Amino acid sequence: MTQRSPARSIPSLSLFVGCVAWMALAATRDSAAREWRVEADGSGDTARIQEAIDQAISGDVIILAPGRYVETLQFRGADITVRSQDPDDPDVVDATVIDADNQGSVARFDGRETAACLLTGVTLTGGRAAQGGGIHGQGTRATIRANRITSNTAEGRTGDDPRGGGLFQCAGRIEGNRIESNRAWTTSTLTTSGRGGGLAECGGEIWSNFIQSNTASGPGGGLFACDAWVEGNHIAGNQSLAAGGGAAAGDGHWRNNLFVGNRAEAGGALSGQRGVFLHNTLVSNHAQTRCGGMLDSQILVFKNCIFWNNDGPETQSAQDDQILQSTAPLYSCVQGWTGGNFNIAADPAFVDPLRDFHLRPDSPAIDAGGSIHGVVRDLDGRLRPIDSVREPRGDGSNLDMGAYEYPIPLHGGVTVWRLY
Ligand SMILES: [Ca+2]
Ligand SMILES: [Ca+2]
C-alpha cells in the first residue's frame, strides 16, 4: 500500500504542473493584451485612434473617451476591440463620435478580421466614399454592435457603382445598431445606380437593428443585396427612387422584421426578395407606380406574415398593393387577399394601426399561423408561441402571424402570461 501512494500521486502531480503551465500562459496572454485609452483632445495613450489601431495586436482593447474624433479608421486584420466607455448607454454612444469629414469611409476593414474583432458603442458619421460611406468591410467577419451609423454617403457617378451608404460588404454579425439617414447616391441621371442607402451586400447576421430614414437613388433604400440571416430589425422610413424602399434583392433568412413607412417608385417595402420569409410585418409602405408591399419576389418558404395598409396606385386591387408578381404566402394576413392558401384578409387589429403593430386580443392573426422550423422568438425577443391554448385557427401550431406574438408585453417588456 505504501508503494502505491506515490504512483497514484503522479497523475495529480502532472495535472498540477499542467495547471501551473496553463496559468502562466494565460498570465502571459493577459499581460500581452493591452488597453489603449484615447482622448479626443489627443491627451490619451496615442494622439489619434489610428495610431492605437496601428500598434494594437489581437486581443487589445482601444477605449475612446466621449468627444469628436475627426479621422478615418483603417483596421489591419487584427482582432482588436474599438469601443466607447459604455456601449450600452445610448447617450455615451451619441457623445463618442468618429467623423470622417467627407474624407472616405469612416471605418475600413482589411477583410481578414474574425468575429473576435469588435467595433461597438460609437457614432460613425460624415463618411463619403463610392462604397461603404460608414463602413467598408471588404468581407470582414468583425462584429459591429450597438453603434450609431448616421449621415454617411456612398456617392459617385454611375461608373463608380456607389453602394452601401452606411455599410458595405460586412459579413459578420451586425447587431443592435442604429443605421440612420445614410444614402447611396449617383451623381449621374441613371437611377438604377446608387444602391443600398443603409446596407449593401452584407452577409452574416443582421440582428435587432433600427434601419431607418436611409435613401438610395437606385434600388434598396434600406438594404440592397444582403444575403444574410436578417432577424428582428425595424426597417422604417427608408426610400428608394427605384425599387425596394425597405430592401431590394435580399436573400437568406428574413424573419421577425417590421417594415413600416418605406417608399419607392416600385415595391414600397420590398423588391426582388428571395430565400425564406417568415413572421414579418409590412405596414403602410408606399409605391408610386407598382405595389406598396412586396414586388417581383420569389420566396422559398413564405409563411406567417402580415401585409396591411401598403399602398400603390389606386388602379390596383388591395391585394396587388400588398403582394404583386410574387410567390403567394401561406398562413398570412394580406389585405384584400382572394387567393386562398390559408391566408386571411381580415383586419389584423393592431394595437395602433399607425404606430404599434402588436396584436389586440380580438385579432384574427392570433394563432392563425402555420408551423415552421427555426423561429422560436418574436420581435420583442419572447419565446413563441407564448401560450399553450390553441385557438381553432391556422394549422394548430399556436403561432401568430406577424412579427409579434400575442399577448403584448407590459411595463417595459415584462410579459403578462395569459391563457385565452
Ligand atoms: Ca394560443
Ligand atoms: Ca400564439
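Residues numbered from 1 in each chain as written. Chains lettered and ligands numbered in written order. Predicted model: local features only at pLDDT ≥ 70, side-chain atom pairs only at ≥ 80, totals over all residues.

K.L.:
Can you walk me through the overall build of the protein in this structure?
P.N.:
From N to C terminus, the protein includes 4 helices and 43 strands. Within the protein, buried positions represent 55% of all 420 residues. Residue pairs in contact within the protein that sit at least 24 positions apart in sequence constitute 67% of those at least 6 positions apart. (Helix = DSSP H or I, 4+ residues; strand = E, 2+ residues; numbered from the N terminus. Buried ≥ 20, exposed ≤ 12 C-beta atoms within 10 Å, placed from the backbone. Contact = placed C-beta atoms within 7 Å.)

K.L.:
It is not clear to me how the sheet that holds strand E5 (residues 81–84) should be interpreted in this structure. Could you clarify?
P.N.:
Whether parallel or antiparallel, the strands of a sheet pair through hydrogen bonds between backbone atoms. One open sheet accounts for 11 strands, arranged E1-E2-E5-E8-E12-E16-E20-E24-E28-E32-E36; its pairing is parallel. At either end of the open sheet lies a strand with only one pairing partner, and these are strand E1 (35–38) and strand E36 (301–303). Averaged over neighbouring strand pairs, the angle between their axes works out to 10° when direction is ignored. Pairing between strand E32 (residues 276–278) and E36: 3 bridges, direction parallel. Among the inter-strand pairings, phenylalanine 277 is bridged to a residue of E36, identified as phenylalanine 302. (Pairing = 2+ DSSP bridges. Axes fitted to C-alpha atoms, helices over the stretch in contact; angles between N-to-C directions.)

K.L.:
Can you walk me through the sheet that holds strand E15 (residues 167–170) in this structure?
P.N.:
Within the open sheet, the 10 strands sit side by side as E4-E7-E11-E15-E19-E23-E27-E31-E35-E38. Their pairing is parallel. The open sheet has two edge strands with one neighbour each: strand E4 (73–74) and strand E38 (323–324).

K.L.:
Is there a simple way to think about the pairing of strand E41 (residues 356–359) in this case?
P.N.:
Each regular strand shows side chains that alternate between the opposite faces of the sheet. Direction of pairing for strand E40 (residues 350–352) relative to E41: antiparallel, over a ladder of 2 bridges. Residue pairing across strands places phenylalanine 350 opposite leucine 359, the latter belonging to E41. The antiparallel hairpin formed by E40 and E41 contains 3 residues in its connecting segment.

K.L.:
What is the right way to look at the confidence of the model for the protein in this model?
P.N.:
Reading predicted coordinates in detail is not appropriate for stretches of low pLDDT. Across the protein, the average pLDDT comes to 90, with 89% of residues at 70 or higher. Counting interchain partners and residues more than four positions distant, the pLDDT-below-50 stretch residues 1–20 has 0 contacts. Scored below 50 in pLDDT, residues 24–29 makes 0 contacts in the model with residues more than four places away or belonging to other chains. (pLDDT = per-residue confidence, 0-100.)

K.L.:
Please explain the environment of alanine 52 as it appears in this structure.
P.N.:
Among the secondary structure elements, alanine 52 is positioned in helix H2 (residues 49–55). With 25 C-beta atoms counted inside 10 Å, the residue alanine 52 sits in the buried group. Between the C-alpha atom of alanine 52 and that of arginine 37, which follows or precedes it by 15 residues, the distance is 8.6 Å. Setting aside its immediate chain neighbours within four residues, alanine 52 contacts Trp36, Val38, Asp45, Thr46 and Ile62.

K.L.:
Sorry if this is basic, but what is going on with the pairing of strand E30 (residues 263–266) here?
P.N.:
For strand E26 (residues 239–243) and E30, the ladder comprises 3 bridges, and the chain directions are parallel. In the strand pairing of E30, alanine 243 is matched with alanine 266. By the bridge criterion, 3 bridges tie E30 to strand E34 (residues 286–290) in an arrangement that is parallel. Bridge pairing in E34 links arginine 263 to histidine 286.

K.L.:
Teacher, can you tell me more about unusual backbone geometry here?
P.N.:
Excluding glycine, a negative phi dihedral is what most residues carry, and trans is how most peptide bonds are arranged. Here the residue pair arginine 384 and proline 385 is connected by a cis peptide bond, since its omega of 0° sits within 30 degrees of zero. Following the sequence through the fold, proline 385 ends up in the loop between E41 and strand E42 (409–410). Residue tyrosine 406 is joined to proline 407 through a cis peptide bond whose omega torsion reads 5°. Inspection of the secondary structure assignment puts proline 407 in the loop between E41 and E42. Even without being a glycine, alanine 249 presents a positive backbone phi close to 60°. A residue is classified by how many C-beta atoms lie within 10 Å of it, and alanine 249, with 24 of them, is buried.

K.L.:
Explain the nonpolar core here, please?
P.N.:
Nonpolar side chains in soluble globular proteins tend to be buried together. Core analysis: the largest hydrophobic core is formed by 104 residues, its most contacted members being Ile62, Ile135, Cys202 and Cys226. Non-local contacts of cysteine 226, meaning those with residues more than four positions away in its chain, are made with Leu199, Glu201, Cys202, Ile206 and Gly250. (Core = buried A, V, L, I, M, F, W, Y, C linked by C-beta atoms within 7 Å.)

K.L.:
For this particular structure, what's the right way to read the environment of tryptophan 308?
P.N.:
Within the element layout of this structure, tryptophan 308 appears in strand E37 (residues 306–308). Linking tryptophan 308 and leucine 282, residues 26 residues apart in sequence, is a C-alpha distance of 6.4 Å.

K.L.:
What am I meant to see in the environment of proline 348 here?
P.N.:
With respect to the secondary-structure elements, proline 348 resides in the loop between strand E39 (333–334) and E40. Each C-alpha atom of the pair proline 348 and leucine 359 lies 7.1 Å from the other, and the pair is 11 residues apart in sequence. Not counting residues within four places of it along the chain, the set of residues in contact with proline 348 comprises Ile306, Trp308, Cys333, Leu359, Ser363, Pro364, Ala365 and Gly402.

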